[in-house]
Amino acid sequence: MVTENSDNIPHYDAALALSAAGDVPAVRDEIANGILDLFSDKGELAALFEVSLYRRDPTRSRVLTHRAIGLAKQGAMPSLELLCKRINTAINSGEFAVAEELGRKLSAIIESIRTIVSENQS
């Protein structure tokens, strides 16, 4: 199942994720769940939900968004990848208000991906 956002970018592409996981559904699911766990309350990437971090600690924010971009690409989560790229670009440009506005969308995208992933679990 591919569900798209307002940019017509898929939130999660289960077929692409399956292909990337060597056509093993359990591996696809483990990768997707692992990525989502990193965004959970105690996960490494949860700090990205605190948008004031972008201005307060741009170096850490860049590291976290860069990590999120790579993981989203690996997990076939294009909308998350794109959003994190946009946040990263805004932080790099010193456009912290833009980064914060984009960061406020992160939670909704993660929740959408979480729902789609659970629907596609084998």
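Enquirer: How do you make sense of the packing of helix 5 (residues 78–92) against helix 6 (residues 96–103) when you look at a structure like this?
Expert: Pairs of packed helices are described in terms of their axes, by the angle between the two and the distance that separates them. It is the contact of helix 5 with helix 6, at a shortest axis distance of 7 Å, that shows an interaxial angle of 160 degrees. Accordingly, the angle class assigned to the pair helix 5 and helix 6 is roughly antiparallel. Judged by the twist between their axes, the crossing of helix 5 over helix 6 is left-handed. Side by side, helix 5 and helix 6 meet where L83, R86, I87, A90 and I91 of the first sit next to F96, V98, A99, L102 and G103 of the second. Taken together, the residues that form the contact of helix 5 with helix 6 break down as eight nonpolar, one polar and one charged.

Enquirer: Mind showing me how you'd approach the pattern of salt bridges here?
Expert: Applying the stated rule across the entire model yields six salt bridges. Note that R56 is salt-bridged to E50, the shortest N-O span being 2.8 Å. Owing to a relative accessible area of 53%, R56 belongs among the exposed residues under this scheme.

Enquirer: Would you take a moment to explain unusual backbone geometry for this structure?
Expert: Leaving glycine out, the prevailing phi sign among residues is negative, and the prevailing peptide bond configuration is trans. In this structure, D23 is a non-glycine residue whose phi angle is positive, near 60 degrees. Note that D23 resides in the loop between helix 1 (14–20) and helix 2 (25–38). Taking the relative accessible area as the measure of exposure, D23 reaches 55% and is therefore exposed. Residues other than glycine seldom take positive phi values, yet A76 does so here, at roughly 60 degrees. Along the chain, A76 falls in the loop between helix 4 (58–74) and helix 5.

Enquirer: Help me understand helix 7 (residues 106–120) in this model?
Expert: What sets the pattern is the α-helix's 3.6 residues per turn: residues three or four places apart point alike. A rise of 1.5 Å per residue sets the reference length of helix 7, with its 15 residues, at 21 Å; its end C-alpha atoms lie 21 Å apart and thus fit the reference within 8%. Of all the positions in helix 7, only L106, I109, I110, I113, I116, V117 and N120 are classed as buried. Along the axis of helix 7, the buried residues cluster in a sector spanning 130 degrees; they form a single face. Exposed side chains of helix 7 directed beyond 90 degrees from the buried face belong to S118 and E119.

Enquirer: Explain helix 6 to me, please; I cannot follow it from the model alone.
Expert: When we look at burial in helix 6, the residues that qualify are F96, A99, E100, L102 and G103. When helix 6 is viewed along its axis, its buried side chains cluster within an angular range of 160 degrees and face the same direction.

Enquirer: It is not clear to me how the packing of helix 4 against helix 5 should be interpreted in this structure. Could you clarify?
Expert: Running from amino to carboxyl end, helix 4 crosses helix 5 at an angle of 160 degrees, the nearest separation of the two axes being 8 Å. On the basis of the axis angle, helix 4 is roughly antiparallel to helix 5. Of the two elements, helix 4 crosses helix 5, and the hand of that crossing is left-handed. In contact with P58, S61, R62, T65, H66, A68, I69, A72 and K73 of helix 4, helix 5 contributes L80, E81, C84, K85, I87, N88, I91 and N92. Taken together, the residues of the contact of helix 4 with helix 5 break down into eight nonpolar, five polar and four charged.

Thresholds, definitions, all that
- Residues numbered from 1 in each chain as written.
- Predicted model: local features only at pLDDT ≥ 70, side-chain atom pairs only at ≥ 80, totals over all residues.
- Heavy atoms only, no water.
- Axes fitted to C-alpha atoms, helices over the stretch in contact; angles between N-to-C directions.
- Helix = DSSP H or I, 4+ residues; strand = E, 2+ residues; numbered from the N terminus.
- Parallel < 35°, antiparallel > 145°, perpendicular 65-115°, else oblique.
- Left-handed = near helix turned anticlockwise from the far one by under 90°.
- Contact = heavy atoms within 4.5 Å.
- Nonpolar A, V, L, I, M, F, W, Y, C, P; charged D, E, K, R; others polar.
- Salt bridge = Lys/Arg side-chain N within 4 Å of Asp/Glu carboxyl O.
- Buried < 20%, exposed > 50% of the residue type's maximum accessible area, 1.4 Å probe, protein only.
- Expected span 1.5 Å × (residues − 1).
- Arc of directions from axis to C-beta.

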